[in-house]
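# Per-entry structural report
Here's the letter readout for the chains.
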Amino acid sequence: MSEKNYYNILGVKKDASVDEIKKAFRRQAVKHHPDQGGDEVKFKEINEAYEVLSNPDKRQRYDQFGQAGLGGQAGFNQAGFDPDQGFSFNFGEGGLGDIFSFFGGMGRSQAPKSGRDIEVVIELDFKEAVFGIEKEISLSINDICHHCHGQRAEPNTKVETCETCRGSGQRVRIMKTMLGNIQQAVTCSDCQGIGSDIKTPCRDCQGQGVSQQNKVVNLLIPAGIEDGATIRLRGQGEKNRQGVAGDLYAVITVRPDKHFTREGDLILSEQVIDMIQAALGDTIEVQTIDDEAIKLKIPAGTQSGTDFKLENRGVPHLRGKGRGSHIVQIIVEIPKKLNSQQKQLLKDFKNV
């Protein structure tokens, strides 16, 4: 994907003020809005540019590092993301399942005649979300009764064909409409679709065919998953009497970290230095998400708020190889109290 120039997209200069950027965005948005017959792709680009340039921190990183300073947050539309539909990654039937981020009311489709879907919340530490982890999920859900194997009747007891549906499990309902009579097949209410008349219900499940059972599911959470994502494990939900299972949805929540924050594939942190280090330059140690301290050279004259980029020290890419960057923002600490000697030294420095 080629590097985008967000200033050109909005039609402003690089030194444009926040107010100028806002006005330019409004002009462009009205001009290219799809409801007004505009170009939808262009409209999304305009929104993307405004999201970056209207945020002081993102704009600073973009000016300094280009799109690499945005952690992969910009340009999702070109990677298959649809803001009205969300996006999904399919890891196969027996693997991770599907990972979803829901936008704009996207619903979950449910297969007909399956057991109930189950939703659980999985809480992760910040680093667990960054590097991935395997979690055990303990469930108490409906499963096929081990005693009657879903037949609903006590084993070795007499089971007769349902007289209402004659063993089909369905009955035909006639609906009168303005177009004439319409036949509709519905589940038999007497046998609940089994087709059998149970004389002696199973003692374990009371004739339901399913019972509450404990189950452990191993969930492999991929590196780079974000807070709010949902992983679907197909066929790991509750089963109905026919043995057809619903799905298990694991909703991911991530606990914040004391030292690091995250934007897409970027890891962000702050490093405090004193004004002498800022003025003269220094080499400092920076803690990374890998629990490893690395040396960072601070040039003489570094200003508070300056960002430094540590390549390949960020979040692993969820949909590819490699990692994002770690952005270290330098905070220059100004002493609140000075003794008389220190004050005099600063005055002398100012007058040199």
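I will try to describe carefully the structure that is included in this document.

## What to know about the packing of aromatic side chains
Under the defined criterion, the tally for this structure stands at three aromatic pairs. On the numbers, 4.9 Å between centres and 40 degrees between planes, the contact of tyrosine 6 with tyrosine 62 is tilted. Of this pair, tyrosine 6 sits in helix α1 (residues 6–10) while tyrosine 62 is found in helix α4 (residues 56–65), placing the two residues 56 residues apart along the sequence. Residue classification places tyrosine 6 among the buried positions, given a relative accessible area of 0%.

## Considerations on the pairing of strand β17 (residues 326–333)
The element β17 is largely enclosed, with a buried count of six among its eight residues. Two elements, strand β13 (residues 266–274) and β17, share eight bridges in a ladder whose sense is parallel. Its bridge partner lying in β17, serine 269 is registered against valine 328. Pairing of strand β16 (residues 307–310) with β17 involves four bridges; the strand directions are antiparallel. Looking at β17, one finds that phenylalanine 308 is bridged to valine 328.

## Some points on the sheet that holds strand β12 (residues 261–263)
One key point about sheets: their strands pair by backbone hydrogen bonds, in either a parallel or an antiparallel sense. Read from one edge of the open sheet, four strands run β12-β13-β17-β16, paired in mixed fashion. Edge positions in the sheet fall to β12 and β16, since each has one partner strand and no second. Looking at each pair of strands side by side, their axes are set apart by 35 degrees on average, direction ignored. Taken strand by strand, α4 contacts β12, β13, β16 and β17, and its axis lies near 65 degrees from that of β16.

## As for the state of the cysteines
Per the stated rule, a full pass over the model turns up zero disulfides. In this structure cysteine 202 is not part of a disulfide, and its nearest cysteine sulfur, from cysteine 205, lies 3.7 Å away. Since its relative accessible area comes to 3%, cysteine 205 is described here as buried.

## Section: the nonpolar core
In a soluble, globular protein the nonpolar side chains are often hidden away together inside. Ranked by internal contacts, the top residues of the largest apolar core, which has 18 residues, are Val120, Ile122, Ile137, Leu219, Ile221, Ile225 and Leu248. Of all the elements in the fold, those that place two or more residues in this core are β3 (118–124), β4 (133–144), β9 (210–221), β10 (230–233) and β11 (248–254). The element that contributes the greatest number of residues to this core is β3, accounting for four residues. In this structure valine 120 touches Ile137, Leu139, Leu248, Tyr249, Ala250 and Val251, once residues within four positions along its chain are discounted. Ile9, Ala24, Ala29 and Ala49 belong to the second-largest nonpolar core, a separate cluster that totals 17 residues.

About the cut-offs
- Residues numbered from 1 in each chain as written.
- Predicted model: local features only at pLDDT ≥ 70, side-chain atom pairs only at ≥ 80, totals over all residues.
- Heavy atoms only, no water.
- Phe/Tyr/Trp six-rings, centres within 6.5 Å; stacked < 30°, edge-to-face > 60°.
- Helix = DSSP H or I, 4+ residues; strand = E, 2+ residues; numbered from the N terminus.
- Buried < 20%, exposed > 50% of the residue type's maximum accessible area, 1.4 Å probe, protein only.
- Pairing = 2+ DSSP bridges.
- Axes fitted to C-alpha atoms, helices over the stretch in contact; angles between N-to-C directions.
- Contact = heavy atoms within 4.5 Å.
- Disulfide = S-S within 2.5 Å.
- Core = buried A, V, L, I, M, F, W, Y, C linked by side-chain atoms within 4.5 Å.

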